[in-house]
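If you want the building blocks of each chain, they are given just below.
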Amino acid sequence: MTTTPLNRSLEPLGVSIPSKVPTHWYNLAADLPEPVPPHLHPGTREPLGPEDLAPLFPMSLIMQEVATERYIEIPETVREIYGMWRPSPLVRAHRLERALGTPARIYYKYEGVSPVGSHKPNTAVAQAYYNALEGTTKLTTETGAGQWGASLSFAGALLGLEVEVWQVRSSFDSKPYRRIQMEAYGGICHPSPSDLTEAGRALLKSHPGTSGSLGMAISEAVEVAAQDPNTHYSLGSVLNHVMLHQTVIGQEAMVQLEEAGDAVPDIVFGCAGGGSNLAGLTFPFLGRNLREGTKTRLVACEPSACPSLTEGEYRYDFGDVAGLTPLLKMHTLGKDFVPPAIHAGGLRYHGMSPMVSHAVNLGLMDAIAVGQDEALQAGLVFARAEGIIPAPESTHAVAGAIAHARNATEPEVIVIGLSGNGQLDLPAYSQYV
Ligand SMILES: *Cc1c(COP(=O)(O)O)cnc(C)c1O
């Protein structure tokens, strides 16, 4: 592949990076008692080879998808960009503890300090970097509420890539600020289904007036990437390499908790859509449980309107509606499941990360479903105690933690993954209030 002038922005600047920004990503595959089931070729149902994924992803990410070594070095250029907002804060929620009257010590790890307001740039920057390094000039992707599209547009702007996004129709209509955010970073955003792709045109015909879904938008973005050798596709969650990139969250949290004197928390709550912020926070703790016998309990909190872990089947399924993606072994509600248009758009996905699904299936992680009203109510309790208005997605983790803390009788240590802030999701709260 040719290198383009854009790639000159890939050189590190040589700026100093805060020492708590991890130097490596942590790969849970190294510590699992049984390997994660491989992704399968949809035609042959044989495990995918690297060449099968090459039309969509750069080779470095394909290798990370199947990597088994425990630590993978983070490129200096990526660490420098992480250093713009990382390490993210780990905060003791004293006022929430007092409001709940709980003896528990509650901490939250806050990813809302990133430029787009969520954890997603942790992988967007890494994916844009490896793509640019291998000569990709454009990335396509899908987005739900818009955080992923905004994150990839941000990463594309910093690393010199064009970004084209298909956004789930219901969010495109109800959350215009995310589209404006994408456009401010130079990204292009279409509502999905669109009439720009074959998959989109077929869906508009079979599902007239549909509110769209992530599975539909993935079909459109994959189709466009597969047709152009200089265009690759980028996924914001679900895949193993995305879980890997997010582990900066949990590695930082472990160091920060140790400094706070609570090195081994009793329980960690994360919200789960495709599983990436949850995996990013919990996998380093899970690895330590497996290697050292610590007993930190890990809880995935999903919306009861889209309950893939608690009610889905664990089997091979497609990641998209049209059946263009590899088959992934995961907890799934079925590729044709169209979730209701809940406020937590980032949690509206029919499947779940194969690594998270595997961990839940092995009993290494628990899962609960939280209703939308309970989640938003918890978001308000949190906002009125701690000041931060959580993203509607994050409120599911907050709700899980609050319910647990209310029942606590001991000074146990609870960690909440606060995956983002709700500054651009305020309509969700106004409808609830
Ligand atoms: C996208 C998003 C999620 C859901 O995605 P995961 O891959 O499950 O983390 C959760 N919280 C926020 C703030 C998001 O933007």
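Residues numbered from 1 in each chain as written. Predicted model: local features only at pLDDT ≥ 70, side-chain atom pairs only at ≥ 80, totals over all residues. Heavy atoms only, no water.

1. Thoughts on helix α10 (residues 214-227)
Here is step 1 of the chain: Taking 1.5 Å per residue as the helical rise, α10 with its 14 residues ought to reach 20 Å, and the 20 Å between its terminal C-alpha atoms agrees with that figure.
Here is step 2 of the chain: With 12 of 14 residues buried, α10 is to be regarded as a mostly interior element.
Here is step 3 of the chain: Within α10, the full set of buried residues consists of Leu-214, Gly-215, Met-216, Ala-217, Ile-218, Ser-219, Glu-220, Ala-221, Val-222, Glu-223, Val-224 and Ala-225.
Here is step 4 of the chain: As for α10, its buried residues are in contact with β5 (138-143), β6 (162-168), β7 (188-192), α9 (198-206) and β8 (231-233). (Helix = DSSP H or I, 4+ residues; strand = E, 2+ residues; numbered from the N terminus. Expected span 1.5 Å × (residues − 1). Buried < 20%, exposed > 50% of the residue type's maximum accessible area, 1.4 Å probe, protein only. Contact = heavy atoms within 4.5 Å.)

2. What to know about the sheet that holds β5
Here is step 1 of the chain: The four strands are arranged β7-β6-β5-β8 in an open sheet whose pairing can be described as parallel. One side of each edge strand has no neighbouring strand; the edge strands of this open sheet are β7 and β8. Between one strand and the next, the sheet's axes are offset by a mean angle of 25 degrees, whatever the strand orientation.
Here is step 2 of the chain: Bridge count between β5 and β6: six bridges; the pairing is parallel. Across the sheet, residue Thr-141 finds its bridge partner in β6, namely Val-165. (Pairing = 2+ DSSP bridges. Axes fitted to C-alpha atoms, helices over the stretch in contact; angles between N-to-C directions.)

3. Some details on the site of the ligand
Here is step 1 of the chain: Taken together, 18 residues lie around the ligand, and Lys-120, Ser-237, Gly-273, Ser-276 and Asn-277 are the ones closest in.
Here is step 2 of the chain: For the ligand, an oxygen atom lies 3.1 Å from a polar atom in the side chain of His-119.
Here is step 3 of the chain: Residue Asn-277 places a side-chain N or O atom 2.7 Å away from an oxygen atom belonging to the ligand.
Here is step 4 of the chain: In the complex, the protein chains occlude 98% of the 380 Å² of accessible area that the ligand would expose alone.
Here is step 5 of the chain: Considered class by class, the residues forming the shell around the ligand number four nonpolar, 12 polar and two charged. (Near = heavy atom within 4 Å. Polar contact = N/O pair within 3.5 Å; in protein donor to acceptor, adjacent residues only side chain to side chain. Areas by Shrake-Rupley, 256 points an atom, 1.4 Å probe, with all protein chains shown as cover. Nonpolar A, V, L, I, M, F, W, Y, C, P; charged D, E, K, R; others polar.)

4. Some words on the sheet that holds strand β14 (residues 413-418)
Here is step 1 of the chain: Pairing within the open sheet is mixed, and its six strands lie in the order β3-β4-β14-β9-β10-β13. The strands lining the two open edges of the sheet, one partner per strand, are β3 (90-92) and β13 (366-370). Neighbour to neighbour, the strand axes of the sheet diverge by 25 degrees on average, direction disregarded.
Here is step 2 of the chain: With three bridges joining them, β3 and strand β4 (residues 105-110) adopt antiparallel strand pairing.

5. Section: the packing of helix α16 (residues 372-386) against helix α17 (residues 394-407)
Here is step 1 of the chain: One can describe the packing of α16 onto α17 by two numbers: an axis separation of 8 Å at closest approach and a directional angle of 80 degrees. Taken as axis vectors, α16 and α17 run roughly perpendicular relative to one another. Seen from α16, the contacting residues are Glu-374, Ala-375, Leu-376, Ala-378, Gly-379, Val-381 and Phe-382; seen from α17, they are Thr-395, His-396, Val-398, Ala-399 and Ile-402.
Here is step 2 of the chain: Residues of the contact of α16 with α17, tallied by class, amount to eight nonpolar, three polar and one charged. (Parallel < 35°, antiparallel > 145°, perpendicular 65-115°, else oblique.)

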